Amino acid sequence: MLEVGVVRRSIPSLFCPRLVGAEVRQDAEVGSVLTKVNVGEPGDFIFSLTEMSGAGGFFEIERDSGILRVSSRLYSLPPRTYNLAVRASMRLDVTKFCDTEVAVIVHLFNTSLQCTSMPVVATVDQSSTAHDAVAIIRVGSPNGNPLTFTLAEPSPPIISVNRTNGVVSLSGGFFNATLPQYQFVIRAADFYGAFCDTTLLLNIPPVNRPPVFLSGHYQFTTTCGPQNSFIGVVSANDRDNDRLSFDLTPAEFFTIDQLGTIRTRVPIMAVIPRQSLIAMVSDPAGGHSTAQVTVIFNGLGCGSPPVCTQPVYRYDLPAVATVGTVVGTVTAFDPDGDRLSYVIAGATDQHTFGVDPTTGTIQLLQSLGQSSQTAYQFSVRASSAANAFCEMTIQINLRSPEGRRFLRPSYAFEVPCASGSSTSCLGRVSVSNGVGNIRFSTAPDSMVTVDETTGEVCLRVGRSNAGTEISQTAVISGTNRISGSVTTTTVTISYQACKRPPICSPTSLTSAVNEVDPIGTRVQQLTVKDPDPGEHLTYSIASGNADKLFSINPDDGIVVVNGPLDRERVDNYKLTIIVRDSAGLTCAVRLDIAIIDNNDNAPIFTRAPYAFAVPCQRSLAFVGVVTALDADVGMNARVTYSANPSAPISVDSETGEIRTKASALEGLPNGPLVIDVFASDSGSPQRTASTPVTILVNCTTPPPPPAARSGPLCPPPSNVHIRENSQPNTILTQVTQDPQGQPLRYFLNGIGADRFQITPSGHVIVVGLIDRETSQNPFTLSIHMQNAEGQTCSTMMTVTILDENDQSPSFVGEDSFVVDCGLSNVRVGVVSARDGDDGENADLDYSILGASTDFGIDRKSGEIRTLRPLDGQVPVRELTVTVSDNGTPRRTSQAVVRVTVRPNCSPSISHQMAPNSPLPLKQLRQCQAQYTLRVRGDTAIGTELTTINQGFGGSGFSIVGGNEAGSFRLDPQTGQLTLTKPLLPGTTELAVTDQFAVQPCISRVLITVVDENNNTPTFEHPSYLFTTPCGSKGVIGRVSAVDPDQGLNGVLTLSITGTSAFTIDSRSGEVHTTFPLPAIPSAYQFTVTATDGGQPRRSASSVVTINVRPCLSMPDQISSPTTTMGTYAYSAPRCPEALVMEVEENRAGIVLGSVMGRDANPGGVLRYMLLPTADSRHFQVDTVANAGRLTVVTPLDRESEGTIIVDVRVLNNYGQFCETPVRINVLDVNDNPPVFPQNQYQFRIDCTGQPPFTIGTVEALDADLGVNGVVIYSAPTDQPFTVNPSTGSIVLPNYLAAVSSGRQILTTQIAASNPTPPRHNALVTIQVLLAPSCFIAPPQQPPPSARYQMGSLLAAPPAG
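Each chain has its residues counted from 1, following the order in which its sequence is written. Given that the model is predicted, a residue must reach a pLDDT of at least 70 before its local features are reported, and side-chain atom pairs must reach 80 or more before they are shown or counted; all residues, however, enter totals for whole chains, interfaces and linings. Each side-chain value is derived from all of the structure's non-hydrogen atoms; neither hydrogens nor water enter the calculation.

Chemist: Quick rundown of the overall build of the chain? Include the residues and the values.
Modeler: Segments assigned H or I by DSSP are reported as helices when at least four residues long, segments assigned E as strands when at least two residues long, and all are numbered from the N terminus. A count of helical and extended segments in the chain gives zero helices and 104 strands. Under the scheme applied here, a residue whose accessible area is under 20% of the maximum for its type counts as buried, over 50% as exposed, and between as partly exposed, the area being computed with a 1.4 Å probe on protein chains only. The buried share of the chain, taken over its 1360 residues, is 41%. Here a residue-residue contact requires only that any non-hydrogen atoms of the pair lie within 4.5 Å. Summarising the internal contacts of the chain: among those between residues at least 6 apart in sequence, 66% fall at separations of at least 24. With an accessible surface of roughly 69600 Å², the chain has 52% of that area assigned to carbon and sulfur atoms. Each accessible area value is a Shrake-Rupley result obtained with a 1.4 Å probe; residue values ignore everything except the protein chains displayed when judging cover.

Put into structure tokens, the structure is as follows:
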């Protein structure tokens, strides 16, 4: 029966524990037991999970036992606490249950990621475009977690990396890349904090842009005149700022210098036809362009020259001809009808021959007598009344009645010191009119022989300069085979003494003198030895002494001051001194002389006088800034400013800033106030300069209220170049001044900023000498500017140091070699040198000093080889090898190379043949065929090296000596020599024979193992960490690397990149500081590279980190980064050093990226704000998820601002902050049309020469970049002209149809457009004035015989 209104009591709940805890790591295995859930009441229960708290699929509970287990790998489960709801129900009555929570704490277990230790290298060229993929970063993740890829350090906006797959692509900033190589660090990280870095080296080979003439056609009009007359100038530009060279073709009548100035090569005395020339301009990389040059002579100052009927007259004259004999007649005529006169030009033979001034008849004036001369040559000049002339060459050959004679009564030949032991031919003797039917002979006992047909004279075998004779003579006869007549001549043989050059050691010296040292001050004395006894050495300065400020005593080698020195003009002289012996053999010494500064210059104000205006009511008002520079260096150049203490102004002693004193100007009348300001250096004696400063005081008009001021405007990032060793105070550039003319304070930062200084006027200058070889290159400097209101802006400047040839080559490696005697054209060894310069300054050439008949050297590789078989009588030979670079001035070094000749020229065989050998070894002769092999050390086993051939015979080849290690096998049938074991470095000598040959003999096989550069250097550690206190100077630590290769292949050179604070000894690996290390920055990181000397060169890198410990007493200006509140010290937030972001122009509302600060304080919350600058108005920063999201709010224009730098401030809850500069690169879009610089072009064309004819060139400019800025030219198809689509050069391809008469003007339009969408176009009108010659057939060229020659006179062809 149902009871209504009665509420039954619910079933009592089961008792379960309120909370159960368990802990597990992410690396726990599947099935691991976490805990067991127990019920506080007896009974049979079943268990289930009712809530997983985001951990579904990772845990499971056994239904019957209540054991909680891991059901899946936990690597992808974030580490935190997961509250799992567990229900325990009665098996027989599920309505009875209880719930409990299991709090499972998942602990992080993360393994490090695996990045490659070697840099990833990618190479692109200028044809690459934005978004092209260049590399992929591959990283191993043992956990299998997804990775995120980012650029780990602030980097140039050249690349971007895909955050998910590590693909590296080019960005829009690639087109602004200026360096040949960039280094990036790409970080891969998972969301648990594990990360690793990969280095990416991006190589961008420079692309040379050829120079371009300012015009495609130049036309000059000139008059007749003397040699070297000015014609005109052709100008060209090179966008790479390369040094240009000009050439002109044809160059017969004109010259062109390196500035493009065209002058006449010869005097122009007559009207000549217009000259069509081609001018070429070239840069050092081979880029070039051409322009057409037309030279027109207007006839002023000219007279038509005479015309010689033929240029050369040849006559034969008997040697016994009498006085008055007519030789011949020359003729010429004058186009103007003037009477001509003939005269012999010059003094040669004018007494032997004469010419009739009217008729041109040439006669013999005096008897030839017994003259040995067999021919005469002179010139006859035909002159007009206008002093114009032409010349003819007269050649007269004498016929000898008694037969031919020797051309010279005696001959002299020199024999080098090494000749005489073998046949050496010296030269030839010859008779007049050739050899013909002459037979040459000499006495049988003569020291020479003579070829009876050719007359070649040679030393007789075995004859030499016996005893102390230095010369010998012999008589050679020439007999006419037909007439029998005989003529004789004397031959003198002179023997050169064998001389050795002097030895300059050392080859490089340094010295120093003060710039005020008087003439005669001793600088240095050279000490040079000569290996030949009794030699007198003479000293001379060969180069580096253009101003003759130094002289050297030719006898004792003492260098003294020879003129007044001025360090401010030249602070270092590099003299090359040549030491010469009596035989003319030389050696060279380089003497570097440093000029010590003396305080001989007073400061100079950069602008004088100064004038400023200031209202008198303002106290401590800013007046202006004065600046002075001192040409000295060091303390002598440190300038301080001052004024008279009673003056109403004060001058900042360091900056030169002038301000009024309190109430000092009140009561003064209106008008100018002139006050002297002084600038003094800190040298001794102190020097001072003064300048008047005019201050216009206005005490009647109240000063206007201060207006709101905008901050200073910074220029975009710039690149400047300076040559190494430039003088201190050299100005690099000047940064922007304040737009309101108010003073700015400038701050210069960056690694290496101590090498530069920025003056109060914004001039960036060099502080001291910069050596490219030991300095960071390039320097990256940041320049910050601040006005009086505290408003700031920043810009970046890259300073590239250009190389000067200031390093001499230095020899490295071996200088002693061993070679076997009796072998020709074999390799002796390789000498090698290094040069610290770059480019042509480091391109080396090798040579052997003096004449060597035994050895030769390869000019580029330095390989020395024998030129002939050497005997063992002279066991040691010394060579002086010279190495020279190709810089300007050229620098050289010398080294003495010792070559030891093994005396035993026959094979050294110590092993006898086998007992069954048919012939004893001692009875075998030496074969003519000997073998010299060069084998690489990595030659594979089984390689056939050569085949032995000993003439006719059987098949009994065997190795009878030198194969103790069993490295070779000789096939007894074929004679093939095969490698059977790996080769060791060195030389192996084998003796082989064919026992069954008809004439058995022994062949020597010399096998040299050549080391291949197949090993990469290896550092002792993959990375190095050194710790040093601040203020350290000197050696910080040492890195080391090894290379198992041999010779130069194993010689390592160490170098540093990425810092100018440290240098490294290229051999020992010791790392040195370049200046005492400050406390900030607290760490430095750079790369050390080890490069071997082989070909191709191999290198390896290691990262060096140097931590700087704080100084015992911190500088006052460095504040603690912590703030103390109560008993807890709160730390300031940490900011990224710098960020780079990109955005396309003309776009707004685009999120650029985020600035992520770090706060180490517990529960810290960060806020972000933009510091107000002139450019910050384009952006806004919002705090989103503890990061600062940067957004573009107004469209940007790349053409007005390509790069913008804003500063983002990150603040924590305690008022502490840090700042990050963000560099925004504005990417280009095609938003500008091409623009022609003028509305109309007018050209005139005369159609001279052969078609096609160049009319001219139009040029349009597009303000966009890259492909957006490319301009393509086109012309209407119905016009007779064509236009080059790339250059805008307009050409008339051929002659036009004839017109009735006169000239014709054609008008058309040329279009310029972009190739990329949206396409922009521009039109320009051109007018072409065509000469009548453009409408007729081309004139025929005259035959070669009708052309006219021109010597020092230009002749025009006759009319008609």
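Chemist: Before we move on, can you summarise a nonpolar patch on the surface with the specific residues and values?
Modeler: Each patch is built from salt-bridge-free residues with over 30% relative accessible area, joining like charges within 9 Å and nonpolar side chains (Val, Leu, Ile, Met, Phe, Trp, Tyr) within 5 Å. Each reported salt bridge corresponds to a side-chain nitrogen of Lys or Arg within 4 Å of a carboxyl oxygen of Asp or Glu. On the surface, Val1267, Val1270 and Ile1272 cluster together into a nonpolar patch covering about 210 Å² of accessible area. Tracing the sequence through the fold places Ile1272 in strand β100 (residues 1272-1274). A relative accessible area of 33% means that Ile1272 is categorised as partly exposed.

Chemist: Which residues make up the sheet that holds strand β104 (residues 1321-1330), and what values do they have?
Modeler: Spatially, β98-β104-β103-β100 is the arrangement adopted by the four strands of the open sheet, whose pairing is mixed. A strand with exactly one partner marks an edge of an open sheet, and here the two such strands are β98 (1240-1245) and β100. Strand-to-strand twist of the sheet, defined as the mean angle between neighbouring strand axes without regard to direction, takes the value 30 degrees. Pairing between strands is defined by DSSP: at least two bridges between them are needed. Examined bridge by bridge, β98 and β104 share six bridges and lie parallel to one another. Bridging across to β104, Tyr1241 finds its partner in Ile1326. The axes used here are C-alpha line fits, helices contributing only the stretch in contact, and every angle between their N-to-C directions lies in the interval 0 to 180 degrees.

Chemist: Help me get a handle on the state of the cysteines, residues and values and all.
Modeler: For this text, the term disulfide refers to a pair of cysteine sulfurs within 2.5 Å. Summed over all chains, the structure comprises six disulfides. Linked covalently through their sulfurs, Cys16 and Cys98 form a disulfide whose S-S length is 1.4 Å. Of this pair, Cys16 sits in the segment before β1 (19-25) while Cys98 sits in strand β7 (residues 97-107); the two residues are 82 residues apart in sequence, bridging distant segments of the chain. The pair Cys16 / Cys98 is uniform in exposure class, with both members buried. A sulfur-sulfur distance of 2.0 Å marks the disulfide that ties Cys308 to Cys390. Taking the sign of the S-S torsion, about 100 degrees here, the bridge from Cys308 to Cys390 comes out right-handed. With a gap of 82 residues between them, Cys308 in strand β24 (residues 307-308) and Cys390 in strand β32 (residues 389-399) connect regions that are remote in the sequence. Of the two residues, Cys308 and Cys390, both sit in the buried class.

Chemist: Outline the side chain of Thr1089, supporting the account with residue identities and numerical values.
Modeler: Among the secondary structure elements, Thr1089 is positioned in strand β87 (residues 1083-1092). Residue Thr1089 is classed as buried on the basis of its relative accessible area, which comes to 16%. The term polar contact refers here to a pair of N or O atoms within 3.5 Å; inside protein, the definition further demands a hydrogen-donor-capable atom paired with an acceptor-capable atom, and it admits residues adjacent in sequence only when both atoms are side-chain atoms. Within the structure, the side chain of Thr1089 is placed 3.3 Å from the side chain of Ser1101, a separation counted as a polar contact. Leaving out residues up to four positions away in the same chain, Thr1089 has contacts with Phe1019, Thr1053, Leu1054, Ser1055, Ser1099, Ala1100 and Ser1101.

Chemist: Which residues make up the sheet that holds strand β67 (residues 844-848), and what values go with them?
Modeler: Here four strands make up an open sheet; going across it, the order is β64-β71-β70-β67 and the pairing mixed. On the outer flanks of this sheet lie β64 (816-820) and β67, each paired with one strand and no other. Sheet twist, expressed as the average angle between the axes of neighbouring strands with direction ignored, equals 30 degrees. Where β64 lies against strand β71 (residues 892-902), five bridges are found, and the strand directions are parallel. Following the sheet pairing, Ser816 is matched in β71 by Arg898.

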